[in-house]
Structures are given as structure tokens and as C-alpha cells.
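Spelled out, the chains give:
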Amino acid sequence: MTSRSGGTTPPEAGSSSLLTNPHSPEIESTAPAGGRRGAILLLWVIALVVGASLRLPQLLSETPHYDEWHPLLAVKRQNLEKIATTFGKADRSLPVSIYAELLTRSIGLSDLALRLPFAVTGLAMLIVLPLAIRRRSQPAAVAPMFALMLATSPLLVYYSRAIRPYGIATLCALLAVL
């Protein structure tokens, strides 16, 4: 505040100017540090539980649909060299097709084995991206709130359930930006 004489005077008790800048050194939190940490940890846990509950329950019951069939058909019709070097007539992801071929050659092709890397990426996104944000953000609650937003994002939930490279690409792109 500026006084009539031009100098600054400290804000008066109850003044709203104290509430306008939460990072002001004059403001001291009334919550104990352990209470804040506990609340922030609770937000992290809620984000992870919500994220897992949206991504994992139907993981085993889903069947490939739409263009998720393209890599599977490539595995059936082509050898690894052809899969790795050509796109073919159908638009398919080369890394996903190669992964499906390697699964076929090793442990066998199953819905769980096909979807697992994408589900793990979706869950990793809930931990890795908020930790990257945490390094840059001042209030400690920003990172778990960001995790909660990621956990409930319909598009990111879909990416972690589909046999497509979108979730992995999203994680890598956001890590590159952060």
C-alpha cells in the first residue's frame, strides 16, 4: 500500500491485499507442514487409484476393434522383415506391428500381452509427468492435481486401453516439452 506521503506502509490486519499474493513472504500457512504433505500425498494416491480404476478393469475383456486389426493381420500375412520395412495397404503402426510379431514368436499373441505396454504407459504417465511438472511448479499441490487431471482425461484413458502408439507418443512428447 502507498501512503499519502509516497512511502509504503505495511498492510493492515484483515486487509485483502494479503490474500492477493499467496507467495507473499508475509503470509504464513496455518496448516502444519506434515498436514500439507499428507494432503498432497492423499491427492497422489487418489489420482493413481482413479487412473488405475479407469484404465485397468476391462483390459482383459476388450477385443481388437477398428484399425487395431491391421497389425494383427500384418503378423498373419507377412514376415518380420516385410512388417518392419513396408507400410502395406492398411495404415498401421510399424512399432506396434513389430511388437505383435515378436510376441507371436516368443510368448504368444494375447489381448493382455498386446495391451499391457499401453496400459503401463498410461499408468506411468500419472507418475512421470506430474513429477516433471513438480520440478517447475512452486505450489506443491500442482503436481498431484495435474496427476488427477491426467487420470480422468478421457482421451488418455482411451490411449492406455487401445493397441495404438498414441499413449507412448503422448508421454514422450510431453516429457520433451517439460
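Residues numbered from 1 in each chain as written. Predicted model: local features only at pLDDT ≥ 70, side-chain atom pairs only at ≥ 80, totals over all residues. Heavy atoms only, no water.

### Some points on the pattern of salt bridges
Point 1. What the rule picks out here adds up to 1 salt bridge.
Point 2. Here Glu-101 ties to Arg-105 by a salt bridge, and the two come within 2.8 Å at their closest N and O atoms. Within this pair, Glu-101 and its partner Arg-105 are both found in helix α5 (residues 94-105), separated by 4 residues, close to a single helical turn.
Point 3. Relative accessible area serves as the criterion here: at 52%, Arg-105 is assigned to the exposed category. (Salt bridge = Lys/Arg side-chain N within 4 Å of Asp/Glu carboxyl O. Helix = DSSP H or I, 4+ residues; strand = E, 2+ residues; numbered from the N terminus. Buried < 20%, exposed > 50% of the residue type's maximum accessible area, 1.4 Å probe, protein only.)

### Focus: the packing of aromatic side chains
Point 1. Summed over all chains, the structure comprises 2 aromatic pairs.
Point 2. Ring centres of Tyr-158 and Tyr-159 lie 6.3 Å apart, and the angle between their planes is 50°; this geometry places the pair in the tilted category.
Point 3. Its relative accessible area of 34% is what places Tyr-158 among the partly exposed residues.
Point 4. Classification of Tyr-159 by relative accessible area gives buried; the value is 18%.
Point 5. Ring geometry for Tyr-159 against Tyr-166: centres 5.4 Å apart, planes inclined by 55°, an arrangement best described as tilted.
Point 6. An aromatic cluster of three or more residues is present, and its members are Tyr-158, Tyr-159 and Tyr-166. (Phe/Tyr/Trp six-rings, centres within 6.5 Å; stacked < 30°, edge-to-face > 60°.)

### Brief notes about the confidence of the model for the chain
Point 1. Here the chain shows a mean pLDDT of 79. Residues at 70 or above account for 80%.
Point 2. Taken as a whole, residues 14-21 scores under 50 in pLDDT and shows 6 contacts with residues more than four places along the chain or in a different chain.
Point 3. Long-range and interchain partners of residues 24-29, a stretch whose pLDDT sits below 50, account for 5 contacts in this model, where long-range means more than four residues apart. (pLDDT = per-residue confidence, 0-100. Contact = heavy atoms within 4.5 Å.)

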